[in-house]
Amino acid sequence: MTPADRLTSIRERIAKAARLAKRDPADITLIAVSKTRTAGEIEALIAAGQRDFGESRVQEAADKWPELLARHPDVRLHMIGRLQSNKAEEAAALFGTIHSLDRPSLLDALVLTGRTPDCMVQVNVGEEEQKGGVALADLPAFLEQVRASPLPLAGLMAIPPLGPRPGPYFALLAKLARRHGVTGLSIGMSADFETAVMLGATHVRVGTALFED
Ligand SMILES: *Cc1c(COP(=O)(O)O)cnc(C)c1O
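Just so it is clear, the structure is predicted and the values come from calculations on it, not from any experiment. (Residues numbered from 1 in each chain as written. Predicted model: local features only at pLDDT ≥ 70, side-chain atom pairs only at ≥ 80, totals over all residues. Heavy atoms only, no water.)

Draft legend 1. The overall build of the protein, seen in detail. Along its length, the protein carries nine helices and eight strands. Counting only C-alpha atoms and orienting by the principal axes, one finds that the protein spans roughly 45 × 40 × 30 Å. Here the protein holds 213 residues, and the buried ones make up 50% of them. Total accessible area computed for the protein in this model is approximately 10,000 Å², and 52% of it derives from carbon and sulfur atoms. Within the protein, the 26 negative side-chain charges are centred at a point lying 5 Å from the centre of the 25 positive side-chain charges. (Helix = DSSP H or I, 4+ residues; strand = E, 2+ residues; numbered from the N terminus. Buried < 20%, exposed > 50% of the residue type's maximum accessible area, 1.4 Å probe, protein only. Areas by Shrake-Rupley, 256 points an atom, 1.4 Å probe, with all protein chains shown as cover. Lys, Arg positive; Asp, Glu negative; His and termini not counted. Charge placed at Lys NZ, Arg CZ, Asp CG, Glu CD.)

This is the structure we're talking about:
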(Lines give C-alpha, C1' and ligand atoms only; values in the text may rest on other atoms or scores of the structure.)
Protein backbone atom coordinates (compact mmCIF):
# COMPACT_ATOMS: atom_id res chain seq x y z
CA MET A 1 0.00 0.00 0.00
CA THR A 2 1.11 3.57 -0.61
CA PRO A 3 1.12 6.11 2.24
CA ALA A 4 -1.98 7.67 0.65
CA ASP A 5 -3.76 4.28 0.69
CA ARG A 6 -2.94 3.74 4.35
CA LEU A 7 -4.14 7.23 5.21
CA THR A 8 -7.42 6.70 3.37
CA SER A 9 -7.95 3.36 5.07
CA ILE A 10 -7.31 4.75 8.59
CA ARG A 11 -9.58 7.73 7.91
CA GLU A 12 -12.34 5.39 6.76
CA ARG A 13 -11.99 3.25 9.87
CA ILE A 14 -12.18 6.36 12.08
CA ALA A 15 -15.28 7.59 10.23
CA LYS A 16 -16.96 4.20 10.53
CA ALA A 17 -16.29 3.96 14.28
CA ALA A 18 -17.57 7.53 14.69
CA ARG A 19 -20.79 6.78 12.82
CA LEU A 20 -21.37 3.67 14.96
CA ALA A 21 -21.06 5.88 18.04
CA LYS A 22 -23.33 8.55 16.48
CA ARG A 23 -20.42 10.97 16.39
CA ASP A 24 -19.33 13.38 13.67
CA PRO A 25 -16.05 12.10 12.13
CA ALA A 26 -15.00 15.74 11.75
CA ASP A 27 -14.72 15.95 15.55
CA ILE A 28 -11.80 13.52 15.53
CA THR A 29 -8.26 14.64 14.72
CA LEU A 30 -5.93 11.98 13.36
CA ILE A 31 -2.39 12.59 14.55
CA ALA A 32 0.24 10.81 12.48
CA VAL A 33 2.93 9.76 14.95
CA SER A 34 6.14 10.34 13.03
CA LYS A 35 8.76 9.51 15.66
CA THR A 36 11.66 7.57 14.09
CA ARG A 37 10.27 8.27 10.59
CA THR A 38 12.34 10.09 7.99
CA ALA A 39 11.54 13.44 6.41
CA GLY A 40 10.80 11.57 3.19
CA GLU A 41 8.21 9.32 4.83
CA ILE A 42 6.62 12.38 6.45
CA GLU A 43 6.57 14.30 3.14
CA ALA A 44 4.66 11.43 1.53
CA LEU A 45 1.91 11.69 4.13
CA ILE A 46 1.78 15.48 3.85
CA ALA A 47 1.41 15.09 0.08
CA ALA A 48 -1.51 12.73 0.79
CA GLY A 49 -3.21 15.44 2.83
CA GLN A 50 -2.18 14.71 6.43
CA ARG A 51 -1.62 17.87 8.52
CA ASP A 52 -1.35 16.81 12.19
CA PHE A 53 1.84 15.06 13.29
CA GLY A 54 3.05 13.78 16.66
CA GLU A 55 6.57 13.39 18.01
CA SER A 56 7.70 11.98 21.32
CA ARG A 57 11.19 13.49 21.67
CA VAL A 58 11.99 17.20 21.51
CA GLN A 59 15.51 16.69 20.17
CA GLU A 60 14.38 14.48 17.30
CA ALA A 61 11.58 16.89 16.43
CA ALA A 62 13.95 19.87 16.53
CA ASP A 63 16.31 18.07 14.15
CA LYS A 64 13.61 17.01 11.71
CA TRP A 65 10.79 19.52 11.66
CA PRO A 66 12.00 23.10 11.14
CA GLU A 67 12.81 22.39 7.49
CA LEU A 68 9.52 20.51 6.95
CA LEU A 69 7.52 23.28 8.66
CA ALA A 70 9.18 25.90 6.49
CA ARG A 71 7.88 24.04 3.44
CA HIS A 72 4.48 23.23 4.99
CA PRO A 73 3.50 26.05 7.34
CA ASP A 74 -0.03 24.65 7.77
CA VAL A 75 1.21 21.49 9.50
CA ARG A 76 0.38 21.23 13.22
CA LEU A 77 2.82 19.50 15.58
CA HIS A 78 1.82 17.61 18.72
CA MET A 79 4.21 16.65 21.54
CA ILE A 80 3.07 13.27 22.84
CA GLY A 81 6.10 11.99 24.80
CA ARG A 82 7.59 12.61 28.22
CA LEU A 83 8.71 16.22 28.41
CA GLN A 84 11.62 17.34 30.58
CA SER A 85 11.26 20.81 32.07
CA ASN A 86 14.60 21.90 30.62
CA LYS A 87 13.18 21.24 27.14
CA ALA A 88 10.08 23.38 27.76
CA GLU A 89 11.36 26.37 25.80
CA GLU A 90 12.25 24.35 22.73
CA ALA A 91 9.00 22.37 22.96
CA ALA A 92 6.79 25.44 23.34
CA ALA A 93 8.42 26.99 20.28
CA LEU A 94 7.93 23.93 18.09
CA PHE A 95 4.65 22.32 19.17
CA GLY A 96 1.14 23.77 18.92
CA THR A 97 -0.19 21.19 21.38
CA ILE A 98 1.51 19.45 24.30
CA HIS A 99 -0.31 16.21 25.20
CA SER A 100 2.00 15.24 28.07
CA LEU A 101 1.59 17.96 30.70
CA ASP A 102 1.69 15.96 33.92
CA ARG A 103 3.26 17.90 36.79
CA PRO A 104 3.46 21.35 38.39
CA SER A 105 7.17 21.80 37.65
CA LEU A 106 6.55 21.29 33.92
CA LEU A 107 3.56 23.66 34.02
CA ASP A 108 5.79 26.31 35.62
CA ALA A 109 8.51 25.77 33.03
CA LEU A 110 6.02 26.11 30.17
CA VAL A 111 4.46 29.27 31.64
CA LEU A 112 7.94 30.78 31.98
CA THR A 113 8.50 30.45 28.22
CA GLY A 114 5.81 33.11 27.66
CA ARG A 115 4.29 30.96 24.93
CA THR A 116 0.84 29.42 25.17
CA PRO A 117 0.67 26.05 23.41
CA ASP A 118 -2.60 24.14 23.90
CA CYS A 119 -2.07 21.66 26.70
CA MET A 120 -3.56 18.30 27.48
CA VAL A 121 -3.06 16.83 30.92
CA GLN A 122 -1.72 13.29 30.80
CA VAL A 123 -3.35 10.99 33.36
CA ASN A 124 -1.74 7.81 34.68
CA VAL A 125 -4.98 5.83 34.29
CA GLY A 126 -3.39 2.46 35.11
CA GLU A 127 -1.59 3.84 38.19
CA GLU A 128 1.65 2.42 36.79
CA GLU A 129 4.84 3.24 38.67
CA GLN A 130 7.02 3.76 35.60
CA LYS A 131 4.55 5.69 33.45
CA GLY A 132 4.17 9.41 32.98
CA GLY A 133 0.94 11.13 33.84
CA VAL A 134 -0.57 12.76 36.87
CA ALA A 135 -1.87 10.33 39.53
CA LEU A 136 -5.66 10.00 39.65
CA ALA A 137 -5.74 11.42 43.19
CA ASP A 138 -3.80 14.52 42.12
CA LEU A 139 -5.81 15.27 38.98
CA PRO A 140 -8.43 17.70 40.43
CA ALA A 141 -5.84 19.95 42.07
CA PHE A 142 -3.55 19.87 39.03
CA LEU A 143 -6.40 20.78 36.65
CA GLU A 144 -7.15 23.79 38.88
CA GLN A 145 -3.51 24.84 38.62
CA VAL A 146 -3.56 24.55 34.83
CA ARG A 147 -6.83 26.50 34.64
CA ALA A 148 -5.31 29.27 36.75
CA SER A 149 -2.37 29.50 34.30
CA PRO A 150 -2.22 31.25 30.91
CA LEU A 151 -2.01 27.88 29.14
CA PRO A 152 -5.21 26.76 27.38
CA LEU A 153 -6.44 23.43 28.81
CA ALA A 154 -7.31 21.46 25.68
CA GLY A 155 -8.03 18.01 27.10
CA LEU A 156 -6.91 14.88 28.88
CA MET A 157 -4.51 12.28 27.48
CA ALA A 158 -3.68 8.73 28.50
CA ILE A 159 -1.63 5.73 27.47
CA PRO A 160 -3.37 2.70 29.03
CA PRO A 161 -1.39 -0.23 30.40
CA LEU A 162 -0.27 -2.77 27.80
CA GLY A 163 -2.84 -5.51 27.55
CA PRO A 164 -5.82 -6.72 25.62
CA ARG A 165 -8.49 -4.38 27.00
CA PRO A 166 -7.82 -0.65 26.77
CA GLY A 167 -11.58 0.12 26.74
CA PRO A 168 -12.08 0.42 30.50
CA TYR A 169 -9.15 2.87 30.73
CA PHE A 170 -10.46 4.95 27.83
CA ALA A 171 -13.88 5.00 29.51
CA LEU A 172 -12.30 6.10 32.78
CA LEU A 173 -10.51 8.98 31.08
CA ALA A 174 -13.73 10.00 29.31
CA LYS A 175 -15.55 10.00 32.63
CA LEU A 176 -12.84 12.16 34.22
CA ALA A 177 -13.04 14.59 31.30
CA ARG A 178 -16.82 14.92 31.73
CA ARG A 179 -16.55 15.30 35.49
CA HIS A 180 -14.02 18.10 35.13
CA GLY A 181 -15.58 19.81 32.13
CA VAL A 182 -12.66 19.13 29.79
CA THR A 183 -13.51 18.70 26.11
CA GLY A 184 -10.49 17.08 24.43
CA LEU A 185 -9.64 13.40 24.78
CA SER A 186 -6.32 12.15 23.37
CA ILE A 187 -6.59 8.35 23.37
CA GLY A 188 -6.10 5.50 20.91
CA MET A 189 -3.11 4.23 18.97
CA SER A 190 -2.68 1.84 16.00
CA ALA A 191 -4.09 -1.20 17.82
CA ASP A 192 -7.09 0.43 19.45
CA PHE A 193 -8.05 3.74 17.82
CA GLU A 194 -11.51 2.51 16.79
CA THR A 195 -12.32 1.59 20.40
CA ALA A 196 -11.03 5.01 21.45
CA VAL A 197 -13.24 6.77 18.88
CA MET A 198 -16.28 4.87 20.13
CA LEU A 199 -15.46 5.96 23.68
CA GLY A 200 -15.08 9.65 22.83
CA ALA A 201 -11.56 10.28 21.50
CA THR A 202 -11.11 13.72 19.92
CA HIS A 203 -7.46 12.97 19.05
CA VAL A 204 -6.11 9.56 18.05
CA ARG A 205 -2.33 9.04 17.83
CA VAL A 206 -1.50 6.56 15.08
CA GLY A 207 2.04 5.62 14.05
CA THR A 208 2.68 2.08 12.87
CA ALA A 209 -0.60 1.62 11.01
CA LEU A 210 0.08 4.75 8.94
CA PHE A 211 3.74 4.17 8.16
CA GLU A 212 3.94 0.38 7.77
CA ASP A 213 1.96 -2.23 5.85
C1 LIG B 1 4.51 5.88 19.58
C2 LIG B 1 3.30 6.44 20.21
C3 LIG B 1 2.03 6.33 19.59
C4 LIG B 1 1.82 5.58 18.28
O5 LIG B 1 1.85 4.21 18.52
P6 LIG B 1 1.51 3.16 17.32
O7 LIG B 1 1.18 1.91 18.05
O8 LIG B 1 2.71 3.07 16.48
O9 LIG B 1 0.33 3.70 16.60
C10 LIG B 1 0.95 6.93 20.22
N11 LIG B 1 1.08 7.60 21.39
C12 LIG B 1 2.27 7.72 22.02
C13 LIG B 1 2.34 8.46 23.30
C14 LIG B 1 3.41 7.14 21.46
O15 LIG B 1 4.59 7.25 22.08
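Draft legend 2. Structural context of the packing of helix H2 (residues 39-47) against helix H3 (residues 58-71). Where H2 meets H3, the axes come as close as 11 Å, and the angle between the chain directions of the two elements is 30 degrees. Classified by the angle their axes make, H2 and H3 are roughly parallel. The way H2 lies across H3 gives a crossing that is right-handed. On H3, the residues touching Ala-39, Ile-42, Glu-43 and Ile-46 of H2 are Lys-64, Trp-65, Leu-68 and Arg-71. (Axes fitted to C-alpha atoms, helices over the stretch in contact; angles between N-to-C directions. Parallel < 35°, antiparallel > 145°, perpendicular 65-115°, else oblique. Left-handed = near helix turned anticlockwise from the far one by under 90°. Contact = heavy atoms within 4.5 Å.)

Draft legend 3. Main features of the site of the ligand. Surveying the vicinity of the ligand reveals the residues Val-33, Lys-35, Ile-80, Ile-159, Met-189, Ser-190, Arg-205, Val-206, Gly-207 and Thr-208. A distance of 2.9 Å separates a nitrogen atom of the ligand from a polar atom in the side chain of Arg-205. In this structure, an oxygen atom belonging to the ligand sits 2.5 Å away from a side-chain N or O atom of Thr-208. Starting from 390 Å² of accessible surface for the ligand in isolation, the protein chains cover 83%. (Near = heavy atom within 4 Å. Polar contact = N/O pair within 3.5 Å; in protein donor to acceptor, adjacent residues only side chain to side chain.)

Draft legend 4. Representation of the side chain of Thr-97 within the structure. The topology assignment puts Thr-97 in strand S4 (residues 97-101). Leaving out residues up to four positions away in the same chain, Thr-97 has contacts with Leu-77, His-78, Met-79, Asp-118 and Met-120.

Draft legend 5. Representation of the packing of aromatic side chains in the model. All chains considered together, the criterion is met by one aromatic pair. Plain terms: the ring middles of Phe-53 and Trp-65 are 5.2 Å apart, the flat faces sit at 50 degrees to each other, and that makes the pair tilted. Here the residue Phe-53 occupies a position in strand S2 (residues 52-55), and Trp-65 occupies one in helix H3, the gap between them amounting to twelve residues. Grouping residues by exposure puts Phe-53 and Trp-65 together as buried. (Phe/Tyr/Trp six-rings, centres within 6.5 Å; stacked < 30°, edge-to-face > 60°.)

Draft legend 6. A look at a nonpolar patch on the surface. A cluster of nonpolar residues, Leu-20, Met-198 and Leu-199, forms a patch on the protein surface that exposes about 270 Å² of accessible area. When its relative accessible area of 41% is taken as the criterion, Met-198 is described as partly exposed. (Patch = residues over 30% accessible without salt bridge, like charges linked within 9 Å, V, L, I, M, F, W, Y side chains within 5 Å. Salt bridge = Lys/Arg side-chain N within 4 Å of Asp/Glu carboxyl O.)

Draft legend 7. Spatial organisation of unusual backbone geometry. Phi angles above zero are rare outside glycine, and Lys-22 is one such case at about 55 degrees. Along the chain, Lys-22 turns up in the loop between helix H1 (3-20) and strand S1 (29-33). Take Lys-22: its relative accessible area is 78%, and that puts it in the exposed class. At Glu-127, a position not held by glycine, the phi torsion is positive, near 50 degrees. With respect to the secondary-structure elements, Glu-127 resides in the loop between strand S5 (118-122) and helix H6 (139-147). Glu-127 sits in the exposed class, given a relative accessible area of 58%.

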